[in-house]
Amino acid sequence: MKFDKSIVDAKRFTELQDLASVLSKVPDLEFDYQYGHYVNVKDRKISASHFWDYFSEEERHAGYKTDVWLRALGTMTQTNLIVVNEFNDFIEESTIPNFATELFTLLEDLRLEEFIRTTRVGTVSFFQTRHQAYRRYFKTQLQTNVTRNYPTDELFCMIYLKLTSNSPFESFTYANQSQKDTLEKLQPYLFESFEAKSSREIVGLTMKMVSCIQDDYQDAVNRYFVLPIKHEAEFQNDLLFDELMRTDPLSNDDQEDVIDEDEVMDEKIETWHRENENSDRSQSFLRYELDQGTKSNILGDGARETEEGDQAMASVQGFSSESQEYDYSDLENLDEKKEQKAGETGRYGKDNLKATKHDVDPSSPSIDDVHQYEEIVRDVQAEKLKLKRTIDQALEHKQNAARNHLISGRLSKKQLLPLIIDDDPRVFYKKDQESKDIDAVFTLLIDCSASMMNKMAETKKAAVLFHEVLKELKIPHGIIGFWEDGFESDDQQQPNYFHKVIHHQDSLDPKSGPEILQLEPQEDNRDGFSIRVAAEELMQYQAEHQVLLVFSDGEPSAFNYIENGIIDTHDAVLNARKKGLDVIGVFLSEDPITEVEELLMKNIYGREHLLVQGLEELPDALSFLLRKILISAIK
């Protein structure tokens, strides 16, 4: 994800997303970076401002977090939406709407900040850092606005500095006298804002100050703050939290008066009990989920008295039988459809709801492919033998290592003295020998996007080394090329293809391998979706060590995926690691690796990534990586 040629820190983004969800108590409220920090009711998003992107790390961290705190802890529970609606009407009629918006937001944020600082003492230092950064910024802006002759902007900068000053005698040496006089006139209202306890009081003070100056000033040129709430329709609740958590009423608002005269219902709904004579168990039981209907005056919340045949605990289960008339087996599962409508993120992430999986099996290798594969094997033979020799030595060492002086196992009758003289006696041994096999399974996921055009030859060579080494060590593995069909992708469907040139179950076949040469560059790459799919399949193979290697040459890029690709891929990697998989990213580059590219891989894979500069180094780099992984698995 890029903004102004910068890459979003995926780890921080995830932390802020979790922070927003926890503090707001709205589970489906998403976090985003915007030009201003506010809550978008329609899109159900809470944002932090890009204003902090260019500050120091400490100030950036404090700025993002305080933005979220102000909206999640302040605006959502302390700002009155009805008052905000009324103020919106005032803004539309004002001759200086930008200034009015900025002034209200500033005063309201200072009120909310005081509330947060009082209720959560741990936030104080972060808000102090926030003020220091903002004061430095507005002092610079004040001089700029004086130079450019922007009187309204100049006045707003002076208001901010006055309100956040630690001294009652804030001086503005470079300001124009007319703005100083205006600030002096507004000062009683500004001081009164410190005593405001509600949004209505803040709105009242803002209206008074705007009305006081709008005849003498034109609107502000710059936009320093935006309204804390973005909504395109009228609010139905006083508080933003209630607005986000509300459920829509019935789709029809009619009402029916029903006279209940001990009406008897002849229809019977079957339930099952061991005393019932429903031995065929062919009855079906009903479940009702009503979200629309007609209101009536029937009391529906009365409790039924217990009867003699009632069970203390019971579960009701229905049984279905094959229809004799029509076959509905191909219809979409209603529960799945309901979950999707309810806002489920789906098994492959919210950014991949329309992504579809299509497996591509390799074709039979041609004679030319077999000959070319044999040539590549000869090229990597030295590296293969060197790596295998290292692994064999590690296995041999472990197998022959001493199996006595252990804290558990069989008791050694010849070494009982330590029981008396040692505080930590080790008098046990184990008779069994270590297995010579490595309990591991691998998947190599290869980016087959169009940008791999000039890298595919060396990538195939590395894949051959990967396959030959693991085949020699009898370690099951798979090799998969992935891409998305950009020409066929739209809002309804994004087909993603997985070219499984080496299947796990066939990976140890001595004749396997030439299929790797069928990998070719295609179109786009939806990395997050592909990693989730590969991880899901890898988990089907039981092994102590499950390793997923991802070869890629850069940022994920697919239909409606450019802005969210890095975050989604980072989440996919994080979720796979939570399930016990080792996920390692390998970045391929022909040119010198830039700081931005290095940061990209760090954001997605954390410390578990390898940067390969110069594709001729790829086989050696992969050999080093495999050696490190396998030695770790042996130990």
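Residues numbered from 1 in each chain as written. Predicted model: local features only at pLDDT ≥ 70, side-chain atom pairs only at ≥ 80, totals over all residues. Heavy atoms only, no water.

## Examining the overall build of the protein chain
Going by this rule: What counts as a helix is a DSSP run of H or I of at least four residues, what counts as a strand is a run of E of at least two, and both are numbered from the N terminus. Exposure categories follow from relative accessible area, calculated using a 1.4 Å probe and restricted to protein chains: below 20% of the type maximum is buried, above 50% is exposed, and the middle band is partly exposed. Whether two residues are in contact is decided by their heavy atoms, any of which lying within 4.5 Å being enough. What sets the accessible areas is the Shrake-Rupley method with a 1.4 Å probe; for residues, cover comes only from the shown protein chains.
Looking only at helices and strands, one finds 18 helices and 17 strands in the protein chain. Burial status across the protein chain gives 44% buried among its 635 residues. Within the protein chain, counting contacts between residues at least 6 apart in sequence, those at least 24 apart form 74% of the total. Carbon and sulfur atoms provide 47% of the accessible area of the protein chain, an area that totals close to 36,900 Å².

## Quick notes on a negative patch on the surface
Short version of the rule: Patch members must show over 30% relative accessible area and no salt bridge, and they are joined within 9 Å when carrying like charges or within 5 Å when they are nonpolar side chains of Val, Leu, Ile, Met, Phe, Trp or Tyr. Should a side-chain nitrogen of Lys or Arg be within 4 Å of a carboxyl oxygen of Asp or Glu, the pair is scored as a salt bridge. Here Asp and Glu are counted as negative and Lys and Arg as positive; His is not counted, and neither are the chain ends. To locate a charge, take atom NZ for lysine, CZ for arginine, CG for aspartate or CD for glutamate.
Residues Asp89, Glu92, Glu93 and Glu234 make up a contiguous surface patch of negative charge. With respect to the helices, strands and loops of the structure, glutamate 92 is situated in helix H3 (residues 81–93). You can call glutamate 92 exposed: its relative accessible area is 68%.

## Some points on helix H11 (residues 367–379)
What counts, and what does not: An expected span of 1.5 Å times one less than the residue number is assigned to each helix. In this context, the arc is that of the directions from the helix axis out to the C-beta atoms.
Compared with the 18 Å implied by 1.5 Å per residue over 13 residues, the 19 Å span of H11 between its first and last C-alpha is a close match. Along H11, the residues classified as buried are Asp369, Tyr373, Ile376 and Val377. Along the axis of H11, the buried positions cluster into a sector of 100 degrees, meaning they face one direction only. Opposite the buried face of H11, at more than 90 degrees from it, the exposed residues are Ile367, Asp368, Arg378 and Asp379.

## Digging into the sheet that holds strand S14 (residues 494–502)
As a reminder of what qualifies: When DSSP locates at least two bridges between a pair of strands, those strands are taken to pair. The convention used is that axes are lines fitted to C-alpha atoms, helices contributing only their stretch in contact, and that angles between N-to-C directions extend from 0 to 180 degrees.
Spatially, the 7 strands line up as an open sheet ordered S9-S14-S13-S12-S15-S16-S17, and their pairing is mixed. Where the open sheet ends on each side, the last strands, each with one partner, are strand S9 (355–360) and strand S17 (609–613). Ignoring strand direction, the axes of neighbouring strands in this sheet form an average angle of 20 degrees. Here strand S15 (residues 545–552) pairs with strand S16 (residues 582–589) via 6 bridges, running parallel. Within the sheet, the bridge partner assigned to valine 547 lies in S16 and is aspartate 582. With respect to the sheet, helix H17 (residues 595–605) is in contact with S15, S16 and S17, its orientation differing from that of S16 by roughly 165 degrees.

## Comments concerning the pattern of salt bridges
For the coordinates displayed, the defined rule picks out 25 salt bridges. Of the charged contacts in the structure, one is a salt bridge between glutamate 57 and arginine 12, with a shortest N-O distance of 2.2 Å. Of this pair, glutamate 57 sits in helix H2 (residues 57–78) while arginine 12 is found in helix H1 (residues 10–24), placing the two residues 45 residues apart along the sequence. A relative accessible area of 10% means that arginine 12 is categorised as buried. Between lysine 384 and glutamate 472 there is a salt bridge whose closest N-O contact spans 3.6 Å. One end of the pair, lysine 384, is in helix H12 (residues 381–400); the other, glutamate 472, is in helix H14 (residues 456–472), and 88 residues separate them in sequence. On the basis of relative accessible area, lysine 384 is assigned to the buried category, the value being 9%. With relative accessibility at 38%, the residue glutamate 472 sits in the partly exposed group. Taken together, the salt bridges that share partners define one network made up of Lys357, Asp359, Lys500 and Glu537.

## Some points on the packing of H3 against helix H4 (residues 97–119)
Short version of the rule: Roughly parallel refers to an angle under 35 degrees, roughly antiparallel to one over 145, roughly perpendicular to one between 65 and 115, and oblique to any angle outside these ranges. Basically, the charged four are Asp, Glu, Lys and Arg, the nonpolar ten are Ala, Val, Leu, Ile, Met, Phe, Trp, Tyr, Cys and Pro, and anything else, Gly included, counts as polar.
With their axes 9 Å apart at the nearest point, H3 and H4 run at an angle of 155 degrees to one another. One finds that H3 runs roughly antiparallel with respect to H4. Contacts from Val84, Phe87 and Ile91 of H3 reach H4 at Pro97, Ala100, Thr101 and Phe104. Within the contact of H3 with H4, the residues separate by chemical class into 6 nonpolar, 1 polar and no charged.

## A closer look at the side chain of threonine 459
So the rule is basically this: Whenever a nitrogen or oxygen atom comes within 3.5 Å of another N or O atom, the pair is scored as a polar contact, on the condition that within protein one atom can donate a hydrogen and the other can accept it, and that pairs from neighbouring residues in sequence are kept only if both atoms are in side chains.
Within the secondary structure, threonine 459 sits in helix H14. The class for threonine 459 is buried, based on a relative accessible area of 1%. Side-chain polar atoms of threonine 459 contact the backbone oxygen of lysine 455, separated by 2.7 Å. With near-sequence residues (within four places) excluded, threonine 459 lies in contact with Ile446, Met452, Phe551, Leu588 and Leu618.

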